[in-house]
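Here's the letter readout for the chains.
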Amino acid sequence: MSPLVAGRVSPVRHVPSRIDRPEYVGQPAPLPYRGSSVRDADTIARMRVAGRIAAQALDAVEAAIAPGVTTDELDRVGHDFLVAHDAYPSTLGYRGYPKSLCSSVNEVICHGIPDDRPLEDGDIVNIDITAYVDGVHGDTNKTYLVGDVDEESRLLVERTREATHRAIRAVKPGRQINVIGRVIEAYAARFGYGVVRDFTGHGVGPAFHDGLIVPHYDEPSADTIIEVGMTFTIEPMLTLGSIEWDLWDDGWTATTQDHSRTAQFEHTLLVTPDGAEILTLP
């Protein structure tokens with residue numbers, strides 16, 4: 001298939017004034033997060049709500065995915081769902097990002113901006129959506145098949161989902177956070193997939209990105225000890241080819257340099273005494 005090209009981006013969508021905004025909206029960057037990586041019971045309760053709404057919004061978008069539908073239309077569906085549930089779309093206005101979700105098609109690794117390009121039969125598309133509700137964020141994404149997708153791409157998507165869940169099962173209090181990347185990289189290597197290094201999982205809660213880095217490859221220096229009450233994302237990006245990437249002129253869209261396809265899945269997790277609870281389930 002031909003390399004993806006940028007389409008037209010529609011105007012910024014309206015969020016009613018009744019809905020609370022994150023502090024970074026209208027600012028060039030978010031304030032540094034100074035709080036703990038371990039959340040209290042009240043924060044966790046609010047994150048369960050935000051995570052559930054984000055997951056439901058993702059399901060609403062999934063129902064609209066089909067050949068001929070534009071990613072801008074998917075953005076409208078996700079935006080309208082969040083607003084109807086009194087949630088703010090966390091990406092909208094984050095460091096100037098202009099849309100309410102990220103739509104990353106085929107060779108786009110992450111942060112694709114929804115536009116007027118219609119999805120084509122055989123595409124794969126990642127939808128990344130985050131809900132800000134009652135002062136906290138819930139962040140999730142999935143990669144979807146559009147119409148009749150070739151076997152190589154289908155397996156990439158299926159195995160990226162499996163890598164994500166293997167990594168989630170590896171989360172245990174007392175382990176170093178690099179166990180996550182070790183599990184993902186070992187599984188991806190079985191199929192010769194690339195594991196993107198420059199985009200990672202992150203701490204999430206009162207801040208969209210709170211400074212905690214969760215590599216998806218084996219990084220010995222990522223030696224933070226996992227503690228009960230931590231909340232963070234796991235969101236590996238696996239490729240059929242190169243992990244080197246180019247950035248479009250929009251300052252957001254990252255594509256594989258060789259235009260090989262890439263898939264990603266993401267959940268927001270809460271560390272429990274026994275492992276991890278997935279907060280981004282409908």
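Scroll up a little and you will see the structure.
Student: What should I look at first to understand the overall build of the protein chain in this one?
Tutor: For the protein chain, the count of helices and strands is 4 helices and 15 strands. On C-alpha atoms alone, the protein chain measures out to a radius of gyration of 18 Å, which is about the 19 Å that the 2.2 N^0.38 rule sets for 282 residues. With respect to the principal axes defined by its C-alpha atoms, the protein chain has extents near 50 × 45 × 30 Å. Pairs at least 24 apart in sequence give 72% of the contacts found in the protein chain among residues at least 6 apart. Taking the average location of the 25 positive side-chain charges in the protein chain and that of its 42 negative ones, the two points are 5 Å from each other.

Student: I would appreciate a short explanation of the environment of Ile127 in the present structure.
Tutor: Relative to the helices and strands, Ile127 is located in strand S4 (residues 124-133). Residue classification places Ile127 among the buried residues on the basis of a relative accessible area of 0%. A C-alpha to C-alpha distance of 17 Å links Ile127 and Ala87, two positions 40 residues apart in sequence.

Student: When you look at the sheet that holds strand S6 (residues 194-195) in this model, what are you seeing that I'm missing?
Tutor: Strand pairing within a sheet occurs via backbone hydrogen bonds; the two strands may be parallel or antiparallel. If you walk across this open sheet you meet the 3 strands as S6-S10-S13, and the pairing is antiparallel. Two strands lie at the open edges of the sheet, namely S6 and strand S13 (262-264), each paired on one side alone.

Here is what the cut-offs are and how they apply
- Numbering of residues starts from 1 in each chain and follows the order in which that chain's sequence is written.
- With the structure being a predicted model, the display of local features is reserved for residues of pLDDT at least 70 and the display and counting of side-chain atom pairs for 80 or more, all residues being used for whole-chain, interface and lining totals.
- Only hydrogens and water are set aside when side-chain values are computed; all heavy atoms of the structure are taken into account.
- Secondary structure follows DSSP: runs of H or I at least 4 residues long count as helices, runs of E at least 2 residues long count as strands, and numbering of each begins at the N terminus.
- The reference for a compact globule is 2.2 Å times residues^0.38; the radius of gyration itself is calculated from the C-alpha atoms.
- Note on contacts: a residue pair is in contact if any heavy atoms of the two residues lie within 4.5 Å.
- Under the convention used here, Asp and Glu are negative, Lys and Arg are positive, and both His and the chain ends fall outside the count.
- Every charge is mapped to an atom, namely NZ of Lys, CZ of Arg, CG of Asp or CD of Glu.
- Throughout this description, buried means an accessible area under 20% of the type-specific maximum (1.4 Å probe, protein chains only), exposed means over 50%, and partly exposed covers the range between.
- Any two strands are treated as partners once DSSP identifies two or more bridges connecting them.

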